[in-house]
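# Survey of secondary and tertiary structure
The lines below spell out each chain.
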Amino acid sequence: MSKISEVVQRARAAFNSGRTRSLQFRIQQLEGLLRMIKEREKDIVGALEADLHRNKWNSYEEEIIYSLEEIEYAIKNLPEWILDEPAEKTAKTQQDECYIHSEPLGVALIIGTWNYPFTLTMQPMVGAIAAGNAVVIKPSEVSENMANLLATIIPQYVDKDLYPVINGGVPETTELLKERFDHILYTGSTGVGKIIMTAAAKHLTPVTLELGGKSPCYVDKDCDLDIACRRIAWGKFMNSGQTCVTPDYILCDPSIQNQILEKLKKAVKEFYGEDPKKSSDYGRIVSSRHFQRVMGLLEGQKVAFGGTGDAATRYIAPTILTDVDPQSQVMQEEIFGPIMPIVCVRSLEEAIQFINQREKPLALYVFSQNDKVIKKMIAETSSGGVTANDVILHLSVHSLPFGGVGNSGMGYYHGKHSFHTFSHRRACLVRSLLKDDSFKGRYPPSMTKMTRH
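Since this is a predicted model, take the numbers as computed values, not measurements.

What follows covers the pattern of salt bridges. Within the structure shown, the criterion is met by 19 salt bridges. Where Asp 159 meets Arg 19, a salt bridge forms, and the shortest distance between an N and an O atom there is 3.0 Å. Note that Asp 159 is positioned in the loop between helix 6 (144-157) and helix 7 (170-176) and Arg 19 in the loop between helix 1 (3-16) and helix 2 (23-39), a separation of 140 residues in sequence. Lys 214 serves as the salt-bridge partner of Asp 248, at 2.4 Å between the closest nitrogen and oxygen. Pair noted here: Asp 248 is in the loop between helix 9 (225-237) and strand 8 (249-252) and Lys 214 is in the loop between strand 6 (207-210) and strand 7 (216-219), with a separation of 34 residues, a long-range link. Here the salt bridges do not stand alone but share partners, grouping Arg 54, Glu 62 and Glu 63 into one network.

This is the structure in structure tokens:
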């Protein structure tokens with residue numbers, strides 16, 4: 001038996017011992033994670049700085065705070081979540097007890113990602129623990145410093161048999177996927193998502209796939225462009241554009257393209273100064289391979305702002321492209337970098353058609369002072385989530401599910417949605433053995449009953 005198999009089998013044996021079943025145990029483990037974040041915040045910040053050039057403030061605001069809030073929310077609400085949920089009865093079950101019982105699935109696998117390597121590993125882990133599962137954690141090897149840190153600190157704060165961390169690259173992940181799990185949650189690319197789903201199918205393992213895609217951002221003429229562009233620039237250039245729900249491109253009327261360009265430029269200078277390379281708030285591309293891919297998307301484009309890069313430090317300047325051809329390469333794949341194409345459309349209807357002709361995105365953004373425009377965009381398109389007149393923020397609301405649709409993923413989590421994702425909602429009907437007279441009509445023979453109809 002390989003080392004990976006041993007780890008998974010040990011997690012399953014620990015789960016089968018039954019110790020994850022109690023509310024007290026689950027809360028103890030969640031409190032352990034809470035303590036880990038507070039005591040090892042400096043180490044977490046250091047790993048994020050080493051991997052992604054994140055400063056302390058951005059590390060806290062973009063990752064740590066979301067993990068803390070997710071844990072605190074789960075601890076507060078878990079006593080209610082685990083209660084049996086009464087179900088509506090039919091005419092023939094009025095005297096019975098009908099309810100939904102949430103039970104843990106078993107051993108879950110969480111495969112993290114590199115762009116937010118802490119919170120996008122911790123948040124689903126919180127839900128899996130709250131639901132009473134064992135969890136095998138596989139951090140992304142691309143964010144190497146965070147992967148090593150998680151493997152070091154997680155066993156110090158939670159049960160090391162129930163919640164092991166396995167590090168490694170493609171060979172280790174491939175071997176891990178040969179094991180049987182009861183649920184797999186993966187965050188990453190659509191291509192790898194298909195590999196995960198294929199492997200899971202061999203064991204009929206359900207999956208939650210948080211993928212991505214090109215999230216459109218429609219800017220209406222009836223809009224405060226100063227506020228809109230400041231908010232768009234914040235979401236686009238955060239983490240150097242390496243965010244799965246970042247606004248990937250802008251759709252707008254040709255008459256306001258230049259205004260949007262100038263106001264985006266103004267916001268970038270306001271955020272990062274005249275030279276973003278010198279700003280402690282501006283990130284770096286995670287690897288040389290990703291740097292080369294993103295820079296390659298600029299070929300043949302009309303660069304209206306930025307466009308420069310430094311391979312040695314993996315820096316790419318905040319970049320804006322105008323009059324972008326929808327058939328160009330930059331519009332064929334998720335950019336995942338600090339490049340903002342502006343594509344001109346001549347109406348709301350044309351924008352909706354443009355969006356619907358492409359794969360369903362993980363997020364969609366619309367900026368307008370006209371509520372009818374916002375409602376029409378939501379009603380006539382499909383995406384994992386929507387934020388109107390801002391970007392990204394729907395992820396921060398615990399009561400809203402976070403997930404994709406179609407090519408951008410399947411399933412969802414956050415808050416109670418995470419608890420449901422990692423639980424089996426078991427249908428239960430409990431009936432008395434007394435008074436069988438009212439049920440005699442269902443028993444054979446049937447011929448005597450048929451004459452009554």
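Let's pick the thread back up.
Strand order in the open sheet formed by three strands is 1-2-17, and the pairing between neighbours is antiparallel. In this open sheet, the two strands that pair with only one neighbour each are strand 1 (85-86) and strand 17 (423-430). By the bridge criterion, two bridges tie strand 1 to strand 2 (residues 97-104) in an arrangement that is antiparallel. Bridge pairing links Pro 86 to Tyr 99 in strand 2.

Turning our eyes to something else, we now look at the packing of aromatic side chains. A complete count under the given rule lists eight aromatic pairs for this structure. Taken together, a centroid distance of 5.9 Å and an interplanar angle of 55° make the contact between Tyr 73 and Trp 81 tilted. Taking relative accessible area as the criterion, Tyr 73 reaches 25% and is therefore assigned partly exposed. With a centroid separation of 5.4 Å and 85° between ring planes, the pair formed by Trp 114 and Phe 336 is classed as edge-to-face. Here Phe 336 lies in the loop between strand 12 (319-321) and strand 13 (339-344) and Trp 114 lies in the loop between strand 3 (107-111) and helix 5 (119-130), a separation of 222 residues in the sequence. You'll find Trp 114 and Phe 336 in the same group, each marked buried. Here the basic side chain of Arg 358 rests over the ring of Phe 354, its NZ or CZ set 3.5 Å away from the ring centre. The aromatic ring of Phe 439 is capped on one face by Arg 431, whose charged end is 3.9 Å from the ring centroid.

Turning our eyes to something else, we now look at the sheet that holds strand 6. Strand pairing within a sheet occurs via backbone hydrogen bonds; the two strands may be parallel or antiparallel. If you walk across this open sheet you meet the five strands as 4-3-5-6-16, and the pairing is mixed. Each having just a single partner strand, strand 4 (134-138) and strand 16 (409-410) make up the two edges of the open sheet. Strand direction decides the pairing type here: strand 3 and strand 5 (residues 183-187), joined by four bridges, are parallel. The residue bridging Leu 109 from the neighbouring strand is Ile 184, located in strand 5.

Quick notes on the rules
Residues numbered from 1 in each chain as written. Predicted model: local features only at pLDDT ≥ 70, side-chain atom pairs only at ≥ 80, totals over all residues. Heavy atoms only, no water. Salt bridge = Lys/Arg side-chain N within 4 Å of Asp/Glu carboxyl O. Helix = DSSP H or I, 4+ residues; strand = E, 2+ residues; numbered from the N terminus. Pairing = 2+ DSSP bridges. Phe/Tyr/Trp six-rings, centres within 6.5 Å; stacked < 30°, edge-to-face > 60°. Buried < 20%, exposed > 50% of the residue type's maximum accessible area, 1.4 Å probe, protein only. Lys NZ or Arg CZ within 6 Å of the ring centre and 35° of its normal.

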